[in-house]
Amino acid sequence: MVGVSDPAENVEAFTEELADGYVTLEYEPIGGGQMRIAAYANGDVLESGEYSTKIFGSATLRGQFLNSVESSIEGRSGVDAGEIRNELKEWFAAMNEVDREEQADKFLPGEIQRIIDGTQYPVEIHGGETTTWKVELTYAGRTGELEFEASEMVGNGAGTLQEKIANQFFELIEIEKEDWEAIRERWHENSEVVNVVEETASDAIADRVLSKLGNTLKPVGDREDMGNDVAAAWYDPENTTVYDDAPEDAPIVWVQDDFLVDQLEAAGKKLEYKGQLIKNLIDRGDIHGSRVRRKWAWDSYTKVYPFEPDALGVTPDDVGGRDDPNHSEVSA
């Protein structure tokens, strides 16, 4: 019968005896979807070569091996080459029907099998704008956590896995594309979604900018007071400017463009991101529309944005002509 190696031992070759022990088969996974298969009789090599693991289901590949073995046996006394061919054919058919998980054990190199066996299941999936797979792995006497983003999981992650193993376990190994697919399949079959984060990176940035705006702007009750400080923001309680993109009589906090840029940069984003930020804020309902240019008495045209007061944590009680910044709490 087929000899199944213990992954804890560094044994990767399997053997089986056929024809009452006259023929010995040896097969050894060598990675990349390849297997070394050899047939011996009384110490003589009947056939030996490297084959795709598809040989077990491919009549053409299987036929090449069987023809070679039969040709090598023909003419030997006391041996029926045809019967041995049929027995080998049945062995190939049985191998082709092996359960998928058991097949992975037999058809993968020892190093790859040790990665599969050393994984702590289930593999954790953390959903979000960038979904990640977290794999706890014991390998080469050490235990560590490997993290893969979705782009690494759906692509050919063989090189990525090699690099992560080198970083975590200080081992340099070769992983072929087919080996990576076998590992990924086992991880996927034994995975679990543990959490899903709904907030996107753009939402996080928008919240950060709103928090900085809300905590540092100076709400004023008279738009003329905006000329005294770039941080001054006019609280218009009833849309007296008749801004079309805001509901009639809706309160608006008019924030100066220069001050918005200051807080965007304070949040760690460059000016080039402002257009994306404004689009996100409009989509979320934090501002009523895009920037407008208004000419109010203190100066020439000023660029301002019509914010929803709740987005900035501004209430009528915060409004005044004072120099102190607004300290209303804003959800971050």
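Note that the structure is predicted; figures quoted are calculated from it, not measured.

### Observations regarding a negative patch on the surface
- A cluster of like negative charges, contributed by E124, E136, E145, E147, E149 and E192, occupies part of the molecular surface.
- Top element by residues in the negative patch is strand β7 (residues 142-149). It accounts for 3 residues.
- Here E149 shows up in strand β7.

### Brief notes about the nonpolar core
- One finds V23, L25, I37, F56 and F65 to be the most contacted residues of the largest nonpolar core, which totals 26 residues.
- Residues in contact with F65, not counting those within four places in the same chain, are L25, I37, A39, E47, Y51, I55 and F92.
- One finds I205, L277, F307 and A311 within the second-largest nonpolar core, a separate group that totals 25 residues.

### Section: helix α10 (residues 274-284)
- Of the residues making up α10, those classed as buried are K274, L277, I278, N280 and L281. Angularly, the buried residues of α10 cover 160° about the axis, an arc narrow enough to put them on a single face. Exposed and oriented more than 90 degrees from the buried face of α10 are G275 and D283.
- Buried residues in α10 make contact with α8 (201-216), α9 (257-266) and β13 (302-307).
- Immediately downstream of α10, the backbone of G285 shows phi near 85°, a positive value.

### So, the pairing of β13
- Of all 6 residues making up β13, 5 are buried, and the element is well covered by its neighbours.
- The sheet contact formed by strand β11 (residues 252-256) and β13 spans 4 bridges and is antiparallel. Residue W254 lies in a different strand from β13, and its bridge partner there is P306.

### Concerning the sheet that holds strand β12 (residues 292-294)
- Spatial ordering of the open sheet is given by β9-β10-β11-β13-β12, a layout of 5 strands whose pairing is mixed. Edge positions in the open sheet fall to β9 (218-220) and β12, since each of these has one partner strand only. Pairs of neighbouring strands in the sheet enclose a mean axial angle of 40°, with direction left out of account.
- Here 3 bridges tie β9 to strand β10 (residues 232-236), and the two strands are oriented parallel to one another. Residue pairing across strands places K218 opposite A232, the latter belonging to β10.
- Helix-sheet contacts for α9 involve β11 and β13, and the interaxial angle to β11 is about 75°.

### Some points on the packing of aromatic side chains
- With the rule as written, the count across this model stands at 12 aromatic pairs.
- Ring centres of F14 and Y27 lie 5.2 Å apart, and the angle between their planes is 15°; on these two criteria the pair is classed as stacked. Of this pair, F14 sits in strand β1 (residues 14-18) while Y27 sits in strand β2 (residues 23-31), and the two are 13 residues apart along the sequence. Judged on exposure class, the residue F14 and its partner Y27 are both buried.
- Ring centres of Y51 and F65 lie 5.7 Å apart, and the angle between their planes is 75°; this geometry places the pair in the edge-to-face category. Taken together, the residues span a long stretch of sequence, with Y51 in strand β4 (residues 44-52) and F65 in helix α1 (residues 59-73) at a distance of 14 residues.
- For Y51, a relative accessible area of 10% puts it in the buried group.
- Directly above the aromatic system of F148 lies the positively charged group of K164, at a separation of 5.2 Å from the ring centroid.
- Between K269 and the ring centre of Y273, over which it is positioned, the NZ or CZ distance is 4.7 Å.

### So, the pattern of salt bridges
- Across all of its chains, the model carries 13 salt bridges by this definition.
- For the salt bridge of E28 with R36, the shortest nitrogen-to-oxygen distance reads 3.3 Å.
- Look at E28 and you get partly exposed, because its relative accessible area is 24%.
- What makes R36 partly exposed here is its relative accessible area of 33%.

Scoring rules and cut-offs
- Residues numbered from 1 in each chain as written.
- Predicted model: local features only at pLDDT ≥ 70, side-chain atom pairs only at ≥ 80, totals over all residues.
- Heavy atoms only, no water.
- Patch = residues over 30% accessible without salt bridge, like charges linked within 9 Å, V, L, I, M, F, W, Y side chains within 5 Å.
- Areas by Shrake-Rupley, 256 points an atom, 1.4 Å probe, with all protein chains shown as cover.
- Salt bridge = Lys/Arg side-chain N within 4 Å of Asp/Glu carboxyl O.
- Lys, Arg positive; Asp, Glu negative; His and termini not counted.
- Charge placed at Lys NZ, Arg CZ, Asp CG, Glu CD.
- Helix = DSSP H or I, 4+ residues; strand = E, 2+ residues; numbered from the N terminus.
- Core = buried A, V, L, I, M, F, W, Y, C linked by side-chain atoms within 4.5 Å.
- Buried < 20%, exposed > 50% of the residue type's maximum accessible area, 1.4 Å probe, protein only.
- Contact = heavy atoms within 4.5 Å.
- Arc of directions from axis to C-beta.
- Pairing = 2+ DSSP bridges.
- Axes fitted to C-alpha atoms, helices over the stretch in contact; angles between N-to-C directions.
- Phe/Tyr/Trp six-rings, centres within 6.5 Å; stacked < 30°, edge-to-face > 60°.
- Lys NZ or Arg CZ within 6 Å of the ring centre and 35° of its normal.

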